[in-house]
Amino acid sequence: MKKIIFTEKAPAPIGPYNQAVLSGNTLYASGQIAINPTSGELVTDNINDETKQVMENIAAILEAADMTFENVVKATIFIMDMNNFGAINTIYGSYFNEKTAPARETVQVACLPKNVNVEISIIAVQ
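Everything numeric here is computed off the predicted structure, so don't read it as measured data. (Residues numbered from 1 in each chain as written. Predicted model: local features only at pLDDT ≥ 70, side-chain atom pairs only at ≥ 80, totals over all residues. Heavy atoms only, no water.)

### Points about the sheet that holds strand 4 (residues 72-79)
Here is step 1: Sheet architecture is open: 6 strands sit in the order 1-2-3-6-4-5, paired in mixed fashion. Both outer strands of the open sheet, strand 1 (2-5) and strand 5 (103-108), are each paired with one neighbouring strand and no more. The mean angle between the axes of side-by-side strands here comes to 15 degrees, regardless of whether they run parallel or antiparallel.
Here is step 2: Both strand 4 and strand 6 (residues 118-125) contribute to a ladder of 7 bridges, which runs antiparallel. Counted as the bridge partner of phenylalanine 78 is glutamate 119 from strand 6.
Here is step 3: Against the sheet, helix 1 (residues 47-64) touches strand 1, strand 2 (20-23), strand 3 (26-32), strand 4 and strand 6, its axis set at about 25 degrees to strand 6.
Here is step 4: Here helix 2 (residues 85-93) sits on the sheet and contacts strand 4, strand 5 and strand 6; the angle it forms with strand 4, its principal contact strand, is near 155 degrees. (Pairing = 2+ DSSP bridges. Helix = DSSP H or I, 4+ residues; strand = E, 2+ residues; numbered from the N terminus. Axes fitted to C-alpha atoms, helices over the stretch in contact; angles between N-to-C directions. Contact = heavy atoms within 4.5 Å.)

### Considering helix 1
Here is step 1: Under the 1.5 Å per step criterion, the end-to-end length of helix 1 is 26 Å for 18 residues, consistent within 8% with the ideal 26 Å.
Here is step 2: Every buried residue belonging to helix 1 is among Ile47, Glu50, Thr51, Gln53, Val54, Met55, Asn57, Ile58, Ala60, Ile61 and Leu62, and all of these are buried.
Here is step 3: Looking at the buried side of helix 1, the elements it contacts are strand 1, strand 2, strand 3, strand 4, helix 2 and strand 6.
Here is step 4: If you check the start of helix 1, you find a side-chain oxygen 3.1 Å away from the backbone N of asparagine 48, and it comes from asparagine 46. (Expected span 1.5 Å × (residues − 1). Buried < 20%, exposed > 50% of the residue type's maximum accessible area, 1.4 Å probe, protein only. Polar contact = N/O pair within 3.5 Å; in protein donor to acceptor, adjacent residues only side chain to side chain.)

### Considering the side chain of glutamine 32
Here is step 1: For glutamine 32, the position within the fold is in strand 3.
Here is step 2: Not counting chain neighbours up to four residues away, the residues in contact with glutamine 32 comprise Pro11, Gln19, Val54, Asn57, Ile58, Ile61, Val118, Glu119 and Ile120.

### Here we look at the pairing of strand 2
Regular strands place their side chains on alternate faces of the sheet.
Here is step 1: Of the two faces of strand 2, the one holding Ala20 and Leu22 is buried and the one holding Val21 and Ser23 is not buried anywhere.
Here is step 2: By the bridge criterion, 4 bridges tie strand 1 to strand 2 in an arrangement that is antiparallel. When the bridges of strand 2 are listed, isoleucine 5 appears paired with alanine 20.
Here is step 3: Here strand 2 hands over to strand 3 after 2 residues, with glycine 24 in that stretch at a positive phi of 65 degrees.

In structure tokens, the structure reads:
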């Protein structure tokens, strides 16, 4: 069975999908972009603030599922410009314990929703 995870502390879906789905003890979170859930505005002033907003959106979804970043076993980072990798990696890394960080891939893409610079999705296990 699956349970839909939703929180107002993360952006509402902008299409036919959910913020996250809990199946058994595994959480599959949709890719998050830097939408401020309170204002609905994009946070794209700089790559650091943009990445922080993405990670805060993920944190809110994890919290709604009674999990933390320690539960994350896999992450996927999509970025528009590989030159931003260092800045994104620094912010992303600050949310994890380096010794227990999840598996991950980072890929450069041609375009992301709303023309953002970074999108991150995660899988977490209770």
